[in-house]
Amino acid sequence: MSNSKYDHLVAEMKGGIEWRDLGDQGMSRDPSRDVAITGVTCHVVSGNFPWNIVTVETDAGVTGVGEAFTGPVREHVEYLEPGLVGENPYDVERLTEHMTQLLSGLAGGTGFSQAAVSGIETALWDAVGKLVDLPVYQLLGGKYRDEIRIYCDSHAGAHLDEGSEKSFEAYEPEAYADAAEAVVDDGFDALKFDLDVAAGDADTATRRLSNAAVQHKVDVVEAVRERIGTDPLLAFDLHWNFTVETALRVARELEPFDVAWLEDPVPPENADSHRRVTQATSTPILAGENITRVEGFVPFLAEGALDVAAPDIQKCGGLSEFRRIAALADAFDVPMAPHNVASPVGTVASVHACATVPNAFVLEWHARDVDWWDDLYVGDPLIEDGRIQVPEGPGLGLELDLDELNDRLAPGQDPVDL
């Protein structure tokens, strides 16, 4: 039984939704699959982001591991635990909707609520895979490919002004070209840079750029292309910072450089703003990391508001929800390039998910600067020549190094024990 401080709140919530209580109603199953969840925990690892590692313990001696998106997710996981203890982990789809329903008073379909659901859902799939001795991709329906292409989220310039206020001069185009060359030398044939960097005397409140600031961005892209050539996939991120007018000025200026996509040029709340940008430039527009569940993607896809969809699997609702989004995107002939700033746990979970859909062509990796990333698991490096092989072991197929993981926990965390 759960001893969560949220037991009474969940009981009250369940009492108010009896008409749609998705908890176990005494459903029968073969005794060999009569398994119960005994605990759900979130452990925060101090990576380049706070990585939320979620564990789901069962009375079968199997513990599933997943990851939720970075941020204050732990209390949401703790809130959900009393609603999950005693449930059967095999019912992943029902329990995912059950969790969203329990969180309905906390905007359960969005934000950190859905991030918590995503992490727990992944851990449930990992547990079931271990129980039946099958990889997660097989449980999800099989795979389209044996390996997933990885694009390296890269950075340049900031090291030039460490300890002082970032300046326009710190982000010289040659710094980007140098960084891009190093990433390609590491074996990647796909990479991305932030392009929403300091740009002189910009008025950030208006979200508009001067002609000089736009030209600076063009110079960065041109320098990178000249250095690495036309073959590598090259993308740039604007982090929702600009108006439609400014986003279009940038996107149109980048049209000659074969950019794979320009990411999040305008804020994510308005699909129509995205549509205005997407349909007025030949530079592909990518968005989606701040959109959750398939319902959130409907207007963006139906209105032609993006060229590439990028849900974050640790945020959008989990592996199954990602597959629903991918199916919808595929119906509109839109490819998928999932956002990913996760530890090896979330990254491998994303690899399994990407393998199961036809339209996922590349996956983000945002940890090149974390020199101990590979130390968190047992075995050879996951990324070889810019690719990750889809694991064949049970569940996620990732064996964590618990000593290393526990050494990297944020202060005040209980140790992980699998």
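A quick note: this is a predicted structure, and the numbers were derived from the prediction, not measured.

Definitions and cut-offs
- Residues numbered from 1 in each chain as written.
- Predicted model: local features only at pLDDT ≥ 70, side-chain atom pairs only at ≥ 80, totals over all residues.
- Heavy atoms only, no water.
- Helix = DSSP H or I, 4+ residues; strand = E, 2+ residues; numbered from the N terminus.
- Rg over C-alpha atoms; globule rule 2.2 N^0.38 Å.
- Buried < 20%, exposed > 50% of the residue type's maximum accessible area, 1.4 Å probe, protein only.
- Contact = heavy atoms within 4.5 Å.
- Areas by Shrake-Rupley, 256 points an atom, 1.4 Å probe, with all protein chains shown as cover.
- pLDDT = per-residue confidence, 0-100.
- Core = buried A, V, L, I, M, F, W, Y, C linked by side-chain atoms within 4.5 Å.
- Axes fitted to C-alpha atoms, helices over the stretch in contact; angles between N-to-C directions.
- Parallel < 35°, antiparallel > 145°, perpendicular 65-115°, else oblique.
- Left-handed = near helix turned anticlockwise from the far one by under 90°.
- Phe/Tyr/Trp six-rings, centres within 6.5 Å; stacked < 30°, edge-to-face > 60°.

The next thing to look at is the overall build of the protein. For the protein, the count of helices and strands is 13 helices and twelve strands. Against the globule reference of 22 Å for 418 residues, the protein gives a C-alpha radius of gyration of 22 Å, in line with a compact fold. Seen through its principal axes, the protein has C-alpha atoms that stretch 65 × 45 × 40 Å. Taking all 418 residues of the protein together, 56% fall into the buried category. Once local pairs closer than 6 in sequence are excluded, the contacts in the protein between residues at least 24 apart make up 73%. Accessible surface computed for the protein: about 16,900 Å², of which carbon and sulfur atoms make up 47%.

With that out of the way, let us pick up the confidence of the model for the protein. On average, residues of the protein score 92 in pLDDT, and 91% of them are at 70 or above. Below pLDDT 50 for its whole length, residues 159-168 participates in 14 contacts with residues either more than four positions away or in separate chains.

This part covers the nonpolar core. Ranked by internal contacts, the top residues of the largest apolar core, which has 120 residues, are Leu80, Ile120, Phe193, Phe236, Leu254 and Phe322. No other element matches helix H4 (residues 111-132), which puts eight residues into this core. Apart from residues lying up to four places away in sequence, Phe193 is in contact with Ser154, His155, Ala156, Tyr176, Ala179, Ala180, Val224, Leu234, Ala235, Phe236 and Asp237. Tyr151, Trp261, Ala310 and Val362 belong to the second largest nonpolar core, which has ten residues in total.

Where helix H8 (residues 244-253) contacts helix H9 (residues 271-278), the two axes come as close as 9 Å, and the packing angle between them is 30°. Accordingly, the angle class assigned to the pair H8 and H9 is roughly parallel. Where H8 crosses over H9, the two elements pack in a sense that is right-handed. Counted together, Val244, Ala247 and Leu248 of H8 and Ser273, Arg276 and Val277 of H9 form the full contact between these two elements.

A separate point is the packing of aromatic side chains. One pass over the structure, following the stated rule, counts eight aromatic pairs. With 5.8 Å between their ring centres and 15° between their planes, Phe188 and Trp365 make a pair best called stacked. Here Phe188, found in the loop between helix H6 (173-185) and strand E5 (190-194), pairs with Trp365, found in strand E10 (residues 363-365); they are 177 residues apart in sequence, far enough to count as distant. Just as Phe188 is buried, Trp365 falls in that class too.

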